[in-house]
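Here's the letter readout for the chains.
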Amino acid sequence: MTLDRTAPARPALTTGPDTAPPSRRVSPGQWASQSLTMAWRSIVQIKHNPSELLDLSIQPIMFVLLFTFVFGGAIGGSTDAYLQFSLGGLIAQNALFLTIYTATGLATDLQKGTFDRFRSLPIARSAPLSGRILGDVLRQLWSLVVLLAVGVVLGFRITTSPLAVLAAFGLLVAFTLAFSWTSVLLGVLARDPEKVQIYGFTVLFPLTFASNAFAPTETMPGWLQAWVSINPVTRMADALRGLLVGGPVAANAIATLLWGVAFAAVFGPLAVWALRTRT
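Residues numbered from 1 in each chain as written. Predicted model: local features only at pLDDT ≥ 70, side-chain atom pairs only at ≥ 80, totals over all residues. Heavy atoms only, no water.

Under the annotation held in an unreviewed UniProt entry, the protein carries the name Transport permease protein and is attributed to Actinomycetospora rhizophila. Entered under Sequence similarities (unreviewed entry) in the UniProt record, the comment concerning the protein runs "Belongs to the ABC-2 integral membrane protein family." (UniProt positions renumbered as here; feature names shortened; annotations may be inferred.)

### Overview of the overall build of the protein
Secondary structure summary: the protein contains 11 helices and zero strands in total. Starting at the N terminus and walking to the C terminus, you meet the elements of the protein as α-α-α-α-α-α-α-α-α-α-α. Its C-alpha atoms give the protein a radius of gyration of 24 Å, more than 25% over the compact-globule value 19 Å for 279 residues. With respect to the principal axes defined by its C-alpha atoms, the protein has extents near 115 × 35 × 35 Å. Pairs at least 24 residues apart make up 79% of the contacts formed inside the protein by residues separated by at least 6 positions. Surface summary for the protein: the accessible area is close to 14,700 Å², and the carbon and sulfur share equals 69%. Of the charged side chains in the protein, 19 are positive and 12 negative, and the gap between their average positions amounts to 8 Å. (Helix = DSSP H or I, 4+ residues; strand = E, 2+ residues; numbered from the N terminus. Rg over C-alpha atoms; globule rule 2.2 N^0.38 Å. Contact = heavy atoms within 4.5 Å. Areas by Shrake-Rupley, 256 points an atom, 1.4 Å probe, with all protein chains shown as cover. Lys, Arg positive; Asp, Glu negative; His and termini not counted. Charge placed at Lys NZ, Arg CZ, Asp CG, Glu CD.)

### Re helix H1 (residues 28–48)
Here H1 spans 31 Å end to end across 21 residues, near enough to the 30 Å set by a 1.5 Å rise per residue. When H1 is considered as a whole, its buried residues turn out to be Gln 34, Ser 35, Met 38, Ala 39, Ser 42 and Ile 46. The buried residues of H1 occupy an angular sector of 160° when projected down its axis, which confines them to one face. H1 presents Trp 40, Lys 47 and His 48 as exposed residues on the side facing more than 90 degrees away from its buried surface. (Expected span 1.5 Å × (residues − 1). Buried < 20%, exposed > 50% of the residue type's maximum accessible area, 1.4 Å probe, protein only. Arc of directions from axis to C-beta.)

### Here's the deal with helix H8 (residues 193–209)
Under the 1.5 Å per step criterion, the end-to-end length of H8 is 24 Å for 17 residues, consistent within 8% with the ideal 24 Å. Its maximal kink placed at Phe 201, H8 deviates by approximately 30°. Those residues of H8 that fall on the buried side of the exposure criterion are Pro 193, Val 196, Gly 200, Leu 204, Leu 207 and Thr 208. (Bend = angle between axes of the 7 residues up to and from the residue.)

### Description of the packing of aromatic side chains
For the structure on display, the rule yields 15 aromatic pairs. When the ring of Phe 97 is compared with that of Phe 201, the centres are 5.3 Å apart and the planes differ by 90°; the resulting orientation is edge-to-face. Taken as a pair, Phe 97 in helix H3 (residues 79–98) and Phe 201 in helix H8 lie far apart in primary sequence, 104 residues in all. Every member of this aromatic cluster is reached through a ring pair, and the members are Phe 63, Phe 67, Phe 71, Phe 97, Phe 201, Phe 205, Phe 209 and Phe 214. (Phe/Tyr/Trp six-rings, centres within 6.5 Å; stacked < 30°, edge-to-face > 60°.)

### Focus: the pattern of salt bridges
For side chains bearing opposite charge, pairing can occur when the charged atoms are close. Scanning the model with the defined rule gives four salt bridges in all. Close ionic contact of Arg 41 with Asp 109 constitutes a salt bridge, the shortest N to O distance being 3.0 Å. One end of the pair, Arg 41, is in helix H1; the other, Asp 109, is in helix H4 (residues 100–112), with 68 residues separating them in the sequence. According to the relative accessible area criterion, Arg 41 is partly exposed, its value standing at 25%. Among the charged side chains, a network of salt bridges with common partners joins Arg 41, Asp 109 and Arg 132. (Salt bridge = Lys/Arg side-chain N within 4 Å of Asp/Glu carboxyl O.)

### Points about the environment of Leu 53
By the secondary structure assignment, Leu 53 is in helix H2 (residues 50–76). Sequence spacing of Leu 53 and Leu 244 is 191 residues, and the spatial spacing of their C-alpha atoms is 26 Å. Those residues in contact with Leu 53 that sit more than four places away from it in its chain are Ile 46 and Trp 142.

### Focus on the packing of helix H9 (residues 222–230) against helix H10 (residues 232–245)
Here H9 crosses H10 at 60°, and the two axes come no closer than 4 Å. As far as their axial angle goes, H10 and H9 are oblique. Residues Trp 227, Val 228, Ser 229 and Ile 230 of H9 touch H10, and the partners they reach there are Pro 232, Thr 234 and Arg 235. Broken down by class, the residue content of the contact of H9 with H10 amounts to four nonpolar, two polar and one charged. (Axes fitted to C-alpha atoms, helices over the stretch in contact; angles between N-to-C directions. Parallel < 35°, antiparallel > 145°, perpendicular 65-115°, else oblique. Nonpolar A, V, L, I, M, F, W, Y, C, P; charged D, E, K, R; others polar.)

### Digging into the UniProt feature "transmembrane region" (unreviewed entry) in the protein
The UniProt record marks residues 53–75, 81–103, 141–158, 164–189, 196–215 and 249–275 with the feature "transmembrane region" (unreviewed entry), using the residue numbering of this structure. Within the segment residues 81–103, helix and strand shares are 96% and 0% respectively, and the terminal C-alpha atoms sit 36 Å apart. Along residues 141–158, the helical share is 78% and the strand share 0%, with 17 Å between the first and last C-alpha atoms.

### Considering the side chain of Asn 252
Among the structural elements, Asn 252 can be located in helix H11 (residues 250–278). On the basis of relative accessible area, Asn 252 is assigned to the buried category, the value being 10%. Beyond its immediate stretch of four places on either side in the chain, Asn 252 contacts Arg 235, Asp 238 and Ala 239.

### Digging into the environment of Gly 151
Positionally, Gly 151 belongs in helix H6 (residues 127–154). The spatial distance from the C-alpha of Gly 151 to the C-alpha of Thr 182 is 29 Å, given a sequence separation of 31 residues. Every residue in contact with Gly 151, bar those within four places of it in the chain, is listed here: Leu 83, Leu 87 and Phe 156.

As structure tokens, then:
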């Protein structure tokens, strides 16, 4: 008797519905759901890092108190008059400062390899990034409410309509969403969350303080006025003042949105390219 040493042929592997690789193609509804989930992840992180909530709440209050009571009498003649002028600028400045959280959170996720783990999930590639930005927009809204509430307590009075106040919220969110692409690029290039603060404030300080957010343009040297008059922070601060306390709105709002489109058009593709290169 002889033994048949020929091994039976193994059945060919097939890829059925349960073994097929996850698809990156998602519907708009799925993309929105996945982005909201990632945004919720960003918000929930505050529970594990309460100091972040303090930054979102305490920092705006400190800015309002310091600028109103330290500079108000010298610049505006009285703290009440200065508060009516400065609160729109403080809101604009605070909104740009908060975009640093986008850069810091992104740099942290990249450094810890979180984005690499996201790539293995059957979700849209853009969902982690869009969720991060959306979560930071919610932070913006919270901080804006805190600023307005503190301003009202100190004597700020909204002299326009509720619709104008909603328009101010919308304009602020639209611009910061577009400007967030700058922060995304910084977060990818920094490669270290600690360096994000250095790079971020190097960009933000000339934008915010070389504007009319805290002092009228006409009080500045002539050579500086040329930049201040076209500065996006100036145009947004003037638009917010018009929407909250009255004054010209249309030209400043359009200029603000055009600046937002420019930031998104320039830094959006660069940020996406840098993120794809790194991940």
